[in-house]
Amino acid sequence: MKSKSSAKSAPKRVALVGNPNAGKTTLFNSLTGSKQKIANYPGVTVEQVSAFIEQDGVRAEFIDVPGLYSLDAVSEDEAVAVSVIHDKSIDLIVCVIDGSNLERNLFIYTQICALGRPIMVALTMVDRVEAKGEKLDVEKLSKFLGCKVIPLVGHKEKGIAALRTAIFAELANPTISGPVIDRTEAILPLKDRLNRMGFDLSVEELKAKIQEGEPAFEHYFDQFPELRPDFLLAKEGLERHLDPSARYHWTSKVQKEVISQIKKPRRAVTVTDKLDLILTHRVFGLGIFVLVMYLVFLCIYTFSKPAMDLIQNGFNSLGGVLGNLLQGAPVLRSLVVDGIVGGIGSVLVFLPQILVLFFCIALLEGTGYLARAAFLMDRLLGWCGLNGRAFIPLLSSFACAIPGIMAARVMPDQKSRLATILVAPLMSCSARLPVYMLLIGAFIEPQFGPFWAGFTLFAMHFLGFGLAIPVVFFINKKILKGKRLPFLLELPPYQLPKWKDIFIAMFTRGKVFVTTAGTTILVMSVIIWAAGYFPRYNIPAGTPPEVAAEIQLEHSVLGTFGKGIEPVFRPLGFDWRISTAILSAFPARETVVPSLGILFSLGKDDKKLDEKLSKKLIDAKWPDNKPLFTPWTAVGLMVFFALCAQCFSTLATVRRETNSRKWPWVMFIYMTVFAYVGALIVHLIAMLFGAS
Amino acid sequence: MTTIGFGELKKGMRAKIAETPEPKDQVLRLYEMGLVPGTEFKVVKIAPLGDPIEIDLRGYRLCLRKQEMAGFEVEILG
């Protein structure tokens, strides 16, 4: 009895499989709502999205398998998706097929059905078929496919409920699929070609000959070498895979049989054609693209600012309240206020940008515009090994690399995605701006005027971008070797945004960031807090608090390390104070200004910190009384900040998004080397020109 | 029958795939997208920067880079 009840409660597993753009994710979202959980497949960057549904006492796990065009996987990402389909623990495969694009969508069905697994078909986009004035004979299609076909028609919710019921009915009483194509069809292309060359062989004769193998064809190949590919396909088709030609032969036959034109299309020229006329136009198209990208950037850069300030201020006041409560326990107080509350704040502060960017991406992707943008930009980014879709992650990274890196998901190809992730932090993010402003304000603008101040600011933003191009080129040529798939960009018909899909995409991304990257960031922020807080130094009573903070930091683990590492930074023209500020900024570069504040005895919360700090920096001296900062030192320090991977949150995000420990290290090392060498070059140039 | 390379196609042309490289790896994937010998298609548009090329085949729209279609010979139908 007991074993029976446990068998009953073991959840069934349902896999949703289909082409990209077949409406699979929309369907998954409608079926499962927002109860989705995301996990990484081991070793690759592909995510598995799944959710549990219960109906009539049966519990089933629904798995959204990443979109696939074929089961003969070539890339690593696809291999993972294919392995889910082959997984014997899957109780039902639901093939999601776009009814308005049957011929190509059925291709993968011809492969899946041959596996002999429980299968059914969910037919999407039926409204598009009707808009074309066509009728799709569902019963006939079901006969061809040998399984149940559920069209998603009529009222949206009703269609989904019908599908859900059908899925649970199939789970109880599954239809096992079988191959739809006779394997002999695999040799028909070869037979045709031989025919045209004047050799008339029957199917049986040819089959026997193919089984004999290549020697039996040598004399044909000598005469007609172009026969070889057809022979290889026919041989493979008989033995293992079917020739794609044979599969398409079948799908196009089915398409002709089940679809009939019953009336004139609702529109002679489709909306998509009309929109494409403008949106991919060589002048208007590019203009609109620039405008759209500007809007996206404006959204992340400006519109998320109030929410970020709110979070920052909220956590500051929370820190203040907790600080008052813990007045009696200074160590605990500092741990809670500076370490934990500060750490959680520094995780959550990224959320507005992530949510806003993923709102924009889901909107652009869902409506079909993203594919057009990629079409326009592909030439520009394609030559160095990226593709048109890299535009969004790279642009976003100018606001913040974290949403930028997460946005690299828009690229289906793993290699382009990795290359984009690795260069994203070279784009000058908004957290670098305060450093530029401080140093330009102190050393460039007063001496050289506003033109050079503006020029320096521009140069710092361009530097990382300019370096990113050769880096991507190198990464693609030397590091990410191996097979590269052709860049296949489908331009689906435009559609209205589906708000439910957009909000689910936003919130799952936000959740993934907070729960995975967020925890690592929090731990690091506590460690860095401890390094600056311990060991405690005995400060004589009566010392002003700003000076006391400076002395404490100087004698902490961080300060000791900063002093110890000074010789490393000396060739760049940096003293121990700058070294310590750089070290303290490794977890998050925006902390450098407050750190400099402490190191130059101003404290970190001074209201006019920038103004006072720039005075302090101008007056700062080396022990031999030479000024610490020349304009060149300032430029060197800016170059260092422009190129260095001083952002632990970025590295934690890379760890999560690449699902590997290797890539964050690669990023950290190459960027640190760039930063060091860049600043060194600036210093050498300065010495060449007499450091003036 | 005269054929031209895929990259030489112009906007609005209708064409048919005549010859292809051996269908493995990259080319196999193109086959799987429906670009098998004998397939008819129409050139919808060429991207403003000259590449990729958008074609209409088997009832859907696909963009292809000229370089990745190297070796595909097509027969012009009109």
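Nothing here was measured: the structure is a model prediction, and the numbers come from that model.

Cut-offs used in this document
Residues numbered from 1 in each chain as written. Chains lettered and ligands numbered in written order. Predicted model: local features only at pLDDT ≥ 70, side-chain atom pairs only at ≥ 80, totals over all residues. Heavy atoms only, no water. Pairing = 2+ DSSP bridges. Helix = DSSP H or I, 4+ residues; strand = E, 2+ residues; numbered from the N terminus. Axes fitted to C-alpha atoms, helices over the stretch in contact; angles between N-to-C directions. Left-handed = near helix turned anticlockwise from the far one by under 90°. Contact = heavy atoms within 4.5 Å. Nonpolar A, V, L, I, M, F, W, Y, C, P; charged D, E, K, R; others polar. Buried < 20%, exposed > 50% of the residue type's maximum accessible area, 1.4 Å probe, protein only. Right-handed = clockwise from strand over helix to strand, strands pointing away. Salt bridge = Lys/Arg side-chain N within 4 Å of Asp/Glu carboxyl O. Core = buried A, V, L, I, M, F, W, Y, C linked by side-chain atoms within 4.5 Å. Buried area = accessible area lost by both parts, 1.4 Å probe. Polar contact = N/O pair within 3.5 Å; in protein donor to acceptor, adjacent residues only side chain to side chain. pLDDT = per-residue confidence, 0-100.

Draft legend 1. Quick look at the sheet that holds strand β6 (residues 73-76) of chain B. Judged by pairing direction, the sheet is antiparallel, and its seven strands sit side by side in the order β10(A)-β5(B)-β4(B)-β3(B)-β2(B)-β6(B)-β1(B) without closing on themselves. In the strand order of this sheet, the two ends are held by β10 (489-490) of chain A together with β1 (3-5) of chain B, each with one partner. One ladder, built from two bridges, connects β10(A) with strand β5 (residues 60-64) of chain B; its direction is antiparallel. Bridge pairing links A:E490 to B:L62 in β5(B).

Draft legend 2. The arrangement of the packing of helix α16 (residues 330-348) of chain A against helix α24 (residues 499-533) of chain A in detail. All names here are of chain A. Viewed as axis vectors pointing N to C, α16 and α24 meet at an angle of 145°, and their least axial separation amounts to 8 Å. The handedness of the crossing between α16 and α24 is right-handed. Between α16 and α24, the residues in contact are P330, V331, S334, L335, D338, G339, I340, G343, I344, S346, V347 and L348 and F513, V514, G518, I521, L522, S525, V526, W529 and Y533, respectively. In terms of residue class, the contact of α16 with α24 is built from 14 nonpolar, six polar and one charged.

Draft legend 3. Looking closely at the sheet that holds strand β4 (residues 58-64) of chain A. All names here are of chain A. Across the sheet, which stays open at both edges, the seven strands sit in the order β2-β3-β4-β1-β5-β6-β8 with mixed pairing between neighbours. Two strands in the sheet have a free side with no partner beyond their single neighbour: β2 (37-40) and β8 (149-151). Going across the sheet, the axis of each strand differs from the next one's by a mean of 25°, ignoring polarity. Pairing geometry for β2 and strand β3 (residues 47-55), over four bridges, is antiparallel.

Draft legend 4. Local environment of the pairing of strand β6 (residues 119-124) of chain A. Residues and elements named next belong to chain A. Where burial is concerned, most of β6 is hidden: six out of the six residues are buried. Here β6 shows two buried faces, one formed by I119, V121 and L123 and the other by M120, A122 and T124. The pairing of strand β5 (residues 92-98) with β6 spans six bridges and is parallel. The partner of C95 across the bridge, within β6, is V121. In terms of handedness, the path from β5 via helix α4 (residues 102-112) over to β6 forms a crossover that is right-handed.

Draft legend 5. Region of interest: the pattern of salt bridges. The tally for this structure, following the rule as stated, stands at 29 salt bridges over all chains. Here A:E214 and A:R228 are joined by a salt bridge, their closest N and O atoms 2.5 Å apart. Remark: A:R228 occurs in helix α11 (residues 227-239) and A:E214 occurs in the loop between α9 (203-212) and α10 (218-223); sequence separation between them is 14 residues. For A:E214, a relative accessible area of 29% gives the class partly exposed. Given a relative accessible area of 29%, A:R228 falls into the partly exposed group. Residue B:R61 is joined to B:E54 by a salt bridge in which the shortest nitrogen-to-oxygen separation is 3.5 Å. Within the structure, one salt-bridge network assembled from shared partners comprises A:E47, A:R409, A:R509, A:R656 and A:E657.

Draft legend 6. Representation of the nonpolar core within the structure. Residues and elements named next belong to chain A. One finds L439, F513, I582 and F629 to be the most contacted residues of the largest nonpolar core, which totals 116 residues. In terms of residue count, helix α31 (residues 631-643) provides more of this core than any other element does, nine residues in total. In this view, L439 contacts I444, L617, F629, A634, L637 and M638; residues no more than four positions away in its chain are not counted. Membership of the second largest hydrophobic core comes to 36 residues, among which are V65, I90, V129 and I259.

Draft legend 7. Structural context of the environment of A:V126. All names here are of chain A. Here V126 is to be found in helix α5 (residues 126-131). Considering only alpha carbons, one finds V126 and G99, 27 residues apart in sequence, at a separation of 5.6 Å. Contacts of V126, omitting those with residues within four sequence positions, involve P151, L152 and V153.

Draft legend 8. Focus on the interface of chain B and chain A. Of the residues lining the interface, 31 residues belong to chain B; the matching set on chain A comes to 43 residues. Approximately 3,400 Å² of surface area, both sides summed, lies buried where chain B meets chain A, with 59% of it carried by carbon and sulfur atoms. Where chain B touches chain A, the interface holds four salt bridges. One salt bridge connects A:D378 with B:R65, and the closest N-O pair in it is separated by 2.7 Å. Between chain B and chain A we count 13 residue pairs in polar contact (both at pLDDT 80 or more) in total. Those elements that provide at least two residues to the side of chain B that touches chain A are α1 (26-32), β3 (40-46) and β5 of chain B. Top element by residues in the side of chain B that touches chain A is α1(B). It accounts for six residues.

Draft legend 9. Highlighting the pairing of strand β2 (residues 14-19) of chain B. Residue and element names in this part refer to chain B. Two strands pair when backbone bridges link them, and β2 and β3 are joined in this way by three bridges, in the antiparallel orientation. When the sheet's bridge partners are listed, K16 is paired in β3 with E40. In this structure, β2 lies alongside β6, joined through four bridges in antiparallel fashion. Bridge pairing links K16 to E75 in β6.

Draft legend 10. Fine view of the confidence of the model for chain A. Residues and elements named next belong to chain A. Considering every residue of chain A, the mean pLDDT works out to 86; 95% of them sit at 70 or more. By mean pLDDT, the top-scoring element of chain A is β5 (96), and the lowest-scoring one is helix α1 (residues 2-9) (47). When the criterion is pLDDT under 50, residues 1-7 qualifies, and its contacts beyond four places in sequence or with other chains add up to zero contacts.

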